[in-house]
Amino acid sequence: PFVPTDVQWWRATTCVARRMATTAMRRAWKAYASLSKARLSALVASTSTAGFVLGSGEHVDVPKLGWTTLGTLGAACAANATNQLMEVTHDARMTRTRIRPLPSGRLRRPHAVAFALVCGGLGVATLHSQTNDLAAGLAAGTIALYTLAYTPMKQRHPINTWIGAVVGALPPLIGWAAAQGQLDPGAGVLALGLYFWQIPHFMALAWLCKDDYVRGGYRMVSLADVSGKKTAAIAMRNALYMAPLGFLAVSTGVATNPFAYECVAMSAAFGLVASSMYRNPSLQQARKLFRASLIHLPAFMGALMLHRRPNAALVLEGDRKENKDNREEEGSKQWRREGGALPSMSSPPFPFLPIPPMHYPTSVECQTDTEE
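Notes on the structure follow. (Residues numbered from 1 in each chain as written. Predicted model: local features only at pLDDT ≥ 70, side-chain atom pairs only at ≥ 80, totals over all residues. Heavy atoms only, no water.)

**Re the packing of aromatic side chains**
Then comes step 1: Across all of its chains, the model carries seven aromatic pairs by this definition.
Then comes step 2: Ring plane angle 65° and centroid distance 5.5 Å describe the contact between phenylalanine 196 and tyrosine 241, whose orientation is recorded as edge-to-face. In this pair, phenylalanine 196 is assigned in helix H10 (residues 188–208) and tyrosine 241 in the loop between helix H12 (229–240) and helix H13 (245–251), connecting sequence segments 45 residues apart.
Then comes step 3: According to the relative accessible area criterion, phenylalanine 196 is buried, its value standing at 16%.
Then comes step 4: Feature note: the residues Tyr195, Phe196 and Tyr241 constitute an aromatic cluster, connected by ring pairs. (Phe/Tyr/Trp six-rings, centres within 6.5 Å; stacked < 30°, edge-to-face > 60°. Helix = DSSP H or I, 4+ residues; strand = E, 2+ residues; numbered from the N terminus. Buried < 20%, exposed > 50% of the residue type's maximum accessible area, 1.4 Å probe, protein only.)

**What about a nonpolar patch on the surface?**
Then comes step 1: A surface patch of nonpolar side chains, amounting to about 320 Å² of accessible area, comprises Phe247, Tyr261 and Val264.
Then comes step 2: Within the secondary structure layout, phenylalanine 247 lies in helix H13.
Then comes step 3: Phenylalanine 247 gets classed as partly exposed once you look at its relative accessible area, which sits at 43%. (Patch = residues over 30% accessible without salt bridge, like charges linked within 9 Å, V, L, I, M, F, W, Y side chains within 5 Å. Areas by Shrake-Rupley, 256 points an atom, 1.4 Å probe, with all protein chains shown as cover. Salt bridge = Lys/Arg side-chain N within 4 Å of Asp/Glu carboxyl O.)

**Details of H10**
Then comes step 1: Between the first and last C-alpha of H10 there are 30 Å, a value that for 21 residues agrees with the 30 Å anticipated at 1.5 Å per step.
Then comes step 2: Within H10, 16 of the 21 residues are buried, which leaves the element mostly enclosed by the surrounding structure. (Expected span 1.5 Å × (residues − 1).)

**Some words on the packing of helix H2 (residues 38–55) against helix H9 (residues 171–180)**
Then comes step 1: Two elements in contact, H2 and H9, have axes separated by 6 Å at closest approach and are oriented at 40°. Crossing handedness for the pair H2 and H9: right-handed. Packed against H2, whose contacting residues are Val44, Thr47, Ser48, Gly51, Phe52, Leu54 and Gly55, the element H9 presents Pro171, Pro172, Ile174, Gly175, Trp176, Ala178, Ala179 and Gln180 at the interface.
Then comes step 2: Looking at the contact of H2 with H9 residue by residue, the class counts come to nine nonpolar, six polar and no charged. (Axes fitted to C-alpha atoms, helices over the stretch in contact; angles between N-to-C directions. Left-handed = near helix turned anticlockwise from the far one by under 90°. Contact = heavy atoms within 4.5 Å. Nonpolar A, V, L, I, M, F, W, Y, C, P; charged D, E, K, R; others polar.)

**Quick word on the pattern of salt bridges**
Then comes step 1: Summed over all chains, the structure comprises three salt bridges.
Then comes step 2: A salt bridge links aspartate 91 to arginine 100; its shortest N-O distance comes to 3.2 Å. There is no split in this pair, since aspartate 91 and arginine 100 are both buried.

**Comments concerning the nonpolar core**
Then comes step 1: Counting 68 residues, the largest nonpolar core has Phe259, Phe300 and Leu304 as its most contacted members.
Then comes step 2: Counting residues per element, this core draws most heavily on H10, which supplies ten residues.
Then comes step 3: Excluding residues that lie within four positions of it along the chain, phenylalanine 300 makes contacts with Leu190, Gly193, Met242, Leu245, Phe259, Cys263 and Met266.
Then comes step 4: Judged by nonpolar contacts, the second largest core, of seven residues, contains Leu205, Ala206, Cys209 and Tyr218. (Core = buried A, V, L, I, M, F, W, Y, C linked by side-chain atoms within 4.5 Å.)

This is how it looks when you write it as structure tokens:
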């Protein structure tokens, strides 16, 4: 019979151990990605990125943009992980969420707590150190509002959808604050767009998962809506509320005129899909509305950034700095042309005093004066 040598045993054992380690790492990666709702967190971070670009001047600070996106991503991961920690029992009852890491037992609670603390701490600290206090404060406020207001309200009142929409509207403000250091009316354009967009998005989801929400014990508008008309009407209204945002963007100097008309057209198309659900409430129509929402948001943000105007305050500040640098450089050149600092004394700061002599006696002249 074949008897493997020590070297062959070692190679086989190493190969098996390597495969087991790789499999364990993949499972852990998938578990933590599911805990953080990686795709949703990436979407949240992208809205912060868009807010940074809109709040920037003619030139976007790319390294700072990267830090802002990374910090917002950390805050979003922390909020989503904390949300799942608070809803383990509810998620275990729902078909859609029972496979999440905590209900399924793929992760233990202490690991999830540590993950949320690390992500939240690093995210806020990154924004604080690399951008400014305002952006870090908004990120911390987003985590607090999501975990202390939105999550508990899901089991108490249907208003949770609107609270969640407020939370979802904050990341663009984080990006704007990181770029500019303050908030002004222009910052509200993308934030309002996200607020109104979330209502049709979640109304469609609430109708699609109506039975699941009943099992989970969540209070949604769709649970008390037998016909589906109310759910669809709310979705249609908020889809149409996005139409004037293009004119708001133009009036606040955020975007150029073409965006106003594009925004109206996109909102009309979004509202048309919602009206189809209103006329014929069904799972098929709700699914169409949900898919339309996934198309509408990137189209809205893309058009807004395509037609953006550089932030006027930052452009003016940059022009002033450039003019100051030019004046200093010109003054330095004139100083060198005139032979240094001595000629500048020909213009005394106090005109009532006599001008100091420009000729200084030599040692020979001083000796002559002394002898005399």
